[in-house]
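Descriptive structure summary
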There are 2 protein chains.
Amino acid sequence: MQESEHKLPKGFIITTAEAAIKAPGRRDIVVISSTTPASAAGVFTRNVVKAAPVLLDMERLRDGCAQAVVINSGNANACTDRQGFANAVEMSAMVADALHIAVDNCLVASTGVIGVQLPMERIKPALYESLANPVNRTLLDAASAIMTTDTFPKAVSRDIELASCTATVSAIAKGAGMIAPDMATLLCFVITDLNIDHTALQLALTEAVDKTFNRITVDADTSTNDTVLVLANGQAGNERVVAHGYGFHSFRTVLQEMLMELAVMCVKDGEGATKFVTIKVVGANSDTDANKLARTVANSLLVKTAICGGDANWGRIMAAIGYSGVTFNPNCVDVYFDDVLVVKDGYGVNNDSLAYEVFKKNDIVITINMNTGQGAAKIFTCDLTEDYVKINAHYRS
Amino acid sequence: MQESEHKLPKGFIITTAEAAIKAPGRRDIVVISSTTPASAAGVFTRNVVKAAPVLLDMERLRDGCAQAVVINSGNANACTDRQGFANAVEMSAMVADALHIAVDNCLVASTGVIGVQLPMERIKPALYESLANPVNRTLLDAASAIMTTDTFPKAVSRDIELASCTATVSAIAKGAGMIAPDMATLLCFVITDLNIDHTALQLALTEAVDKTFNRITVDADTSTNDTVLVLANGQAGNERVVAHGYGFHSFRTVLQEMLMELAVMCVKDGEGATKFVTIKVVGANSDTDANKLARTVANSLLVKTAICGGDANWGRIMAAIGYSGVTFNPNCVDVYFDDVLVVKDGYGVNNDSLAYEVFKKNDIVITINMNTGQGAAKIFTCDLTEDYVKINAHYRS
């Protein structure tokens with residue numbers, strides 16, 4: 001399971017195009033394709049309002065097979081009616097035509113502003129040109145092309161050593177705002193040359209998303225476009241991995257590690273964020289309770305602004321768990337900022353100067369011990385800054 | 001039911017003290033008392049973590065009787081253990097002693113920072129002095145003394161014409177941050193010389209709070225100190241009002257109007273707020289669904305920052321209702337900004353320039369018609385600005 005710097009798995013090709021979807025001057029379309037059909041799996045937003053490409057992919061993934069995905073940034077193609085759906089189909093058809101693959105095996109993903117039609121008059125010639133005269137791009141190029149308010153590209157690669165061969169897994173993600181737990185929360189594409197059954201692939205992906213992307217929150221807003229896709233083309237040549245069979249555990253572990261790495265990158269790149277914060281709840285009556293408590297703290301504007309200001313204001317944490325909807329005895333609660341005890345049995349312990357030192361750091365762990373059970377949960381979040389407001393007040397201007 | 005400018009009902013006296021609780025130079029304690037015992041009712045925070053004065057008042061209100069309330073700003077006396085409770089008791093005892101009233105009839109309320117003990121060494125002499133040499137203050141003085149991050153005092157008065165006499169109802173409130181629906185959400189004190197049974201008083205108050213303070217949200221953070229109290233000393237001389245008897249309906253209506261006026265003032269004074277926004281959901285399958293949809297939109301950071309930036313970004317509203325937890329068909333949804341239709345059957349209708357005109361205003365109504373039922377709800381909120389972050393990042397410094 002050694003790390004390899006942004007490697008492309010065997011048989012995968014990346015091309016990009018420049019279509020000036022939001023603004024000119026950057027590559028805003030990427031096509032990731034495999035030379036052979038691949039096992040495929042996906043996890044999508046649970047938002048009732050789903051973007052056209054999400055609806056299309058859900059349909060096309062039913063057979064557990066795909067060969068390419070075309071992704072654009074700058075426009076979400078959400079709330080765009082039949083025209084939006086037709087545009088998503090057309091983008092996939094262009095890719096299918098050019099690469100000589102079945103159109104049903106071509107997936108689509110979009111990210112950007114909601115409610116505006118894709119500028120097909122610019123997308124079509126740009127995509128046509130790049131597919132007709134393909135230039136091989138790197139994983140990092142792909143990661144850059146899918147960025148919106150992200151400030152850095154997010155990519156990661158790993159090797160898996162199997163008895164017969166080595167397989168490579170690579171992944172890219174984008175996400176900086178509209179990031180809430182309980183959903184896929186962003187765009188993420190995983191490609192691997194591992195030979196794996198699509199049921200096993202879906203199982204590993206669903207588990208990994210639940211433990212990674214579903215544990216982060218920037219603003220508690222859940223997007224209409226969240227999509228995580230995995231394509232596995234089998235070109236590593238290993239014996240086919242099936243659920244819980246040989247190789248499955250290694251793949252599952254690697255996938256989870258990689259998605260966690262990307263999830264953490266997304267929080268660190270949270271719009272306007274200056275601090276990375278882990279909210280850890282232990283000793284709750286159940287994991288469900290722990291999760292609810294941790295999320296409420298992670299989403300409290302008052303907690304997030306206090307962290308932004310370096311104010312070790314544990315009172316806001318007590319207030320947040322108090323309105324989380326979980327029933328508990330406040331007199332049992334301990335709170336730590338890193339290793340500094342700040343609340344014992346529900347009351348302050350006057351460790352203010354030590355607590356303020358912790359809050360000067362860029363990476364803070366807030367541990368809340370409910371002291372009544374075995375339930376535990378971890379949520380990763382960031383602070384709320386004036387820059388978050390700036391970025392989102394003027395996103396379309 | 002005519003309005004009277006900040007009148008004091010018969011038999012009520014207001015005094016203030018300057019105790020430098022958070023900082024010197026302002027009156028930060030107010031005592032509101034009646035010359036005779038009064039029927040009393042209260043609504044308190046549903047936060048599991050309740051401040052000492054909240055716990056004390058809940059106990060002392062059981063008999064439906066009170067005669068005075070002492071309120072301090074600058075310190076919430078929350079998460080302050082036995083010492084905090086003892087301090088609340090001591091403040092009430094000083095008032096009871098000085099005014100020669102039963103200590104059980106003296107209530108306490110606090111607002112400000114959580115987790116710090118009250119500076120009793122400053123509060124005691126200041127309170128003692130002001131009670132020993134009382135100076136009669138106005139309703140507006142009281143409203144000013146309970147302010148924290150509020151930028152203006154909030155007070156309102158009304159007369160109720162009854163067959164035999166006229167009764168006066170006056171109320172003050174404070175609240176600018178840590179304001180979430182589903183709770184009393186702030187401090188509010190209502191005094192009246194109406195003669196009314198305490199059961200009727202509690203009934204009218206609970207209903208009024210549900211329809212007013214429970215319908216506003218600034219930051220979805222629910223305080224540990226939310227308290228709404230009503231004292232009715234009966235000195236207007238009317239025949240005792242009982243639940244649903246003569247005069248009850250008039251009082252209930254007036255109380256609801258007054259609390260709504262104060263609730264709107266609190267949202268308009270929302271920390272950093274520049275716009276007042278009404279989120280109106282109609283045509284939902286139930287009032288509960290409508291409420292959930294309206295609250296999710298009202299609390300969405302992306303919607304609130306778009307409003308701040310004057311960006312008529314209806315896509316964020318569609319995304320917010322989509323993750324509200326309510327099941328619905330996106331293709332039935334219409335959205336209006338004031339009277340401008342921006343979404344028809346779930347899709348944009350290209351009224352952007354008209355929509356942007358609406359978003360330039362300081363008072364905006366967003367109407368979301370689900371078009372499937374009779375459920376309706378209204379929530380009042382404000383935009384999220386860089387100033388909100390500034391105010392809350394450095395609240396304690």
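Everything below is about the structure printed above this text.
Let me begin by describing the structure that accompanies this report. Computed from a predicted structure; not experimentally measured. (Residues numbered from 1 in each chain as written. Chains lettered and ligands numbered in written order. Predicted model: local features only at pLDDT ≥ 70, side-chain atom pairs only at ≥ 80, totals over all residues. Heavy atoms only, no water.)

**Concerning the overall build of chain A**
Let me state the cut-off plainly: Runs of E in the DSSP output that reach at least two residues are strands. Runs of H or I that reach at least four are helices, and both are numbered from the N terminus. Using C-alpha atoms as the atom set, the radius of gyration is obtained and then compared with a globule rule of 2.2 Å times the number of residues to the power 0.38. When a residue's accessible area, from a 1.4 Å probe over protein chains only, is under 20% of the maximum for its type it is buried; when over 50% it is exposed; and in between it is partly exposed. Here, two residues are considered to be in contact whenever any of their heavy atoms come within 4.5 Å of each other. Computed with a 1.4 Å probe, the accessible areas rest on the Shrake-Rupley method; for each residue, only the protein chains presented here act as cover. His is not counted, nor are the chain ends, whereas Lys and Arg count as positive and Asp and Glu as negative. The location of each charge is read from NZ of Lys, CZ of Arg, CG of Asp or CD of Glu.
The helix and strand inventory of chain A stands at 11 helices and 15 strands. For chain A, the C-alpha radius of gyration of 22 Å lies close to 21 Å, the compact-globule estimate for 397 residues. Projecting the C-alpha coordinates of chain A onto the three principal axes gives extents of approximately 70 × 55 × 35 Å. The 397 residues of chain A split such that 62% are buried. Sequence separation of at least 24 residues holds for 80% of the intrachain contacts in chain A that already meet a minimum separation of 6. When the accessible area of chain A is evaluated, it comes to approximately 13,800 Å², of which 51% is carbon and sulfur surface. Within chain A, the 43 negative side-chain charges are centred at a point lying 2 Å from the centre of the 33 positive side-chain charges.

**Examining the interface of chain B and chain A**
Put simply, the rule reads: We define buried area as the total accessible area lost by two parts upon association, computed with a 1.4 Å probe and summed across both. We define a salt bridge as a side-chain nitrogen of Lys or Arg found within 4 Å of a carboxyl oxygen belonging to Asp or Glu. Contacts described as polar in this section are N or O atom pairs within 3.5 Å, which, within protein, must combine one atom able to donate a hydrogen with one able to accept it, while residues neighboring in sequence count only if both atoms come from side chains. Three classes are used, and their members are as follows: Ala, Val, Leu, Ile, Met, Phe, Trp, Tyr, Cys and Pro are nonpolar, Asp, Glu, Lys and Arg are charged, and the others, Gly among them, are polar.
Counting from both sides, the interface comprises 50 residues of chain B and, opposite them, 50 residues of chain A. Of the roughly 4,400 Å² buried between chain B and chain A, counting both surfaces, carbon and sulfur atoms make up 63%. If you look at where chain B meets chain A, you find zero salt bridges. Inspection of the region where chain B meets chain A yields four residue pairs in polar contact (both at pLDDT 80 or more). Secondary structure elements with two or more residues in the side of chain B that touches chain A: α8 (301-308), α9 (314-322), β13 (347-348) and α11 (386-393) of chain B. Of the residues assigned to the side of chain B that touches chain A, the class counts are 25 nonpolar, 16 polar and nine charged.

**Section: the pairing of strand β2 (residues 29-44) of chain B**
Residues and elements named next belong to chain B. Rule in force here: We treat two strands as partners when DSSP finds at least two bridges between them.
Burial runs high along β2: 13 of the 16 residues are buried. Examined bridge by bridge, β2 and strand β3 (residues 65-75) share seven bridges and lie antiparallel to one another. Bridging across to β3, Ile-32 finds its partner in Val-69. In the sheet, β2 pairs with strand β9 (residues 227-232) via six bridges, with the strands oriented antiparallel. Along β9, the bridge assignment pairs Ser-39 with Ala-232.

**So, the packing of aromatic side chains**
Residues and elements named next belong to chain A. Stated formally: A pair of aromatic rings is counted whenever rings of Phe, Tyr or Trp (Trp by its six-membered ring) have centres within 6.5 Å, and the orientation is called stacked for planes under 30 degrees apart, edge-to-face for over 60 and tilted otherwise.
In total, this model carries four aromatic pairs over all chains according to the counting rule given. Ring centres of Phe-337 and Phe-359 lie 4.6 Å apart, and the angle between their planes is 45°; on these two criteria the pair is classed as tilted. Of this pair, Phe-337 sits in strand β11 (residues 334-337) while Phe-359 sits in helix α10 (residues 352-359); the two residues are 22 residues apart in sequence, bridging distant segments of the chain. When its relative accessible area of 0% is taken as the criterion, Phe-337 is described as buried.

**A short note on the sheet that holds strand β11 (residues 334-337) of chain B**
Residue and element names in this part refer to chain B. Quick reminder of the rule: For helices, the fitted axis covers only the stretch in contact; all axes are lines through C-alpha atoms, and the angles between them, taken along N-to-C directions, range from 0 to 180 degrees.
With mixed pairing, seven strands are arranged side by side in an open sheet as β8-β15-β10-β14-β11-β12-β13. The open sheet has two free edges, formed respectively by β8 (216-217) and β13, since each of these has just one partner strand. Taken together, the two bridges between β8 and strand β15 (residues 375-382) define a ladder with parallel strand orientation. Note that in β15 the partner of Ile-216 across the bridge is Phe-380. The sheet strands contacting helix α10 (residues 352-359) are β11, β12 (340-344) and β14 (363-369), and the helix crosses β12 at an angle near 125°.

**Some thoughts on the relation of the copies chain B and chain A**
The criterion, for reference: Superposition of the copies used a least-squares fit over C-alpha atoms from residues whose pLDDT is at least 70 in both.
Rotating chain B by 180° and moving it 0.0 Å along the rotation axis overlays it on chain A with an RMSD of 0.0 Å. Here the transformation between the copies is reduced to the relation of a two-fold axis. For chain B, the minimum C-alpha distance to the rotation axis belongs to Glu386(B) and amounts to 2.3 Å. Taken as a fraction of all interface residues of chain B, those also at the interface in chain A reach 100%, which identifies the copy contact as same-surface.

**A look at helix α1 (residues 52-60) of chain A**
Quick reminder: α-helices carry 3.6 residues per turn. Residues three or four places apart thus point the same way. Considered for burial, the residues of α1(A) that qualify are Ala52(A), Pro53(A), Val54(A), Leu56(A), Asp57(A) and Arg60(A). In the core, the buried residues of α1(A) are packed alongside β2 (29-44), β3 (65-75), α2 (81-99), β4 (106-113) and β9 (227-232) of chain A.

**Some thoughts on the environment of Asp289(B)**
Residues and elements named next belong to chain B. Locating Asp-289 in the fold gives a position in helix α7 (residues 287-299). Separated by 259 residues in the primary sequence, Asp-289 and Val-30 have C-alpha atoms spaced 41 Å apart. Sequence-distant contacts of Asp-289, defined by excluding residues within four places in its chain, comprise Ala-284 and Val-326.

**What to know about the sheet that holds strand β13 (residues 347-348) of chain A**
All names here are of chain A. Strand order in the open sheet made by the seven strands is β8-β15-β10-β14-β11-β12-β13, with mixed pairing throughout. Looking at the sheet topology across the chains shown, the edges are occupied by β8 (216-217) and β13. Bridge count between strand β10 (residues 276-284) and strand β15 (residues 375-382): seven bridges; the pairing is antiparallel. Its bridge partner lying in β15, Ile-279 is registered against Ile-379.

**Overview of the packing of α1(A) against α2(A)**
Residue and element names in this part refer to chain A. Short version of the rule: Under this scheme an angle from 65 to 115 degrees is roughly perpendicular, one under 35 degrees roughly parallel, and one over 145 degrees roughly antiparallel; angles in between are oblique. For a crossing to be left-handed, the near helix must be turned anticlockwise from the far one by less than a right angle; the clockwise case is right-handed.
Contact geometry for α1 and α2: axes closest at 8 Å, N-to-C directions at 55°. As summarised for this structure, α1 and α2 are arranged oblique, according to the angle between their axes. The crossing of α1 and α2 is right-handed. Contacts between α1 and α2 involve Ala-52, Pro-53, Leu-55, Leu-56, Glu-59 and Arg-60 from the first element and Gly-84, Phe-85, Ala-88, Val-89 and Ser-92 from the second.

**Details of the side chain of Ser170(A)**
All names here are of chain A. Relative to the elements of secondary structure, Ser-170 occurs in strand β6 (residues 166-174). Of note is the side chain of Ser-170, whose polar atom sits 2.4 Å from the backbone oxygen of Lys-7. Only 2.7 Å separates the side chain of Ser-170 from the side chain of Ser-157, close enough to count as a polar contact. What Ser-170 contacts, discounting residues up to four positions off in sequence, is Lys-7, Leu-8, Pro-9, Leu-139, Val-156, Ser-157, Phe-189, Val-190, Ile-191 and Met-258.

**A few points about the packing of helix α5 (residues 198-211) of chain B against helix α6 (residues 248-268) of chain B**
Residue and element names in this part refer to chain B. The N-to-C vectors of α5 and α6 enclose an angle of 35°; their axes lie 9 Å apart at closest approach. The two elements α5 and α6 meet at a crossing, and its hand is right-handed. Mapping the contact onto sequence places Ala-200, Leu-201, Leu-203, Ala-204, Leu-205, Glu-207, Ala-208, Val-209 and Lys-211 in α5 and Phe-248, Phe-251, Arg-252, Leu-255, Gln-256, Leu-259 and Met-260 in α6. In terms of residue class, the contact of α5 with α6 is made up of 12 nonpolar, one polar and three charged.

**Points about the pattern of salt bridges**
Counted under the stated rule, the structure contains 32 salt bridges over all chains. Arg122(B) is paired through a salt bridge with Glu121(B); the nearest N and O atoms lie 3.5 Å apart. Lys360(B) is the salt-bridge partner of Glu357(B), the closest N and O atoms lying 2.9 Å from each other. The class for Lys360(B) is exposed, based on a relative accessible area of 58%. A cluster of three or more residues bridged by salt bridges with shared partners is formed by Asp150(A), Lys154(A) and Asp269(A).

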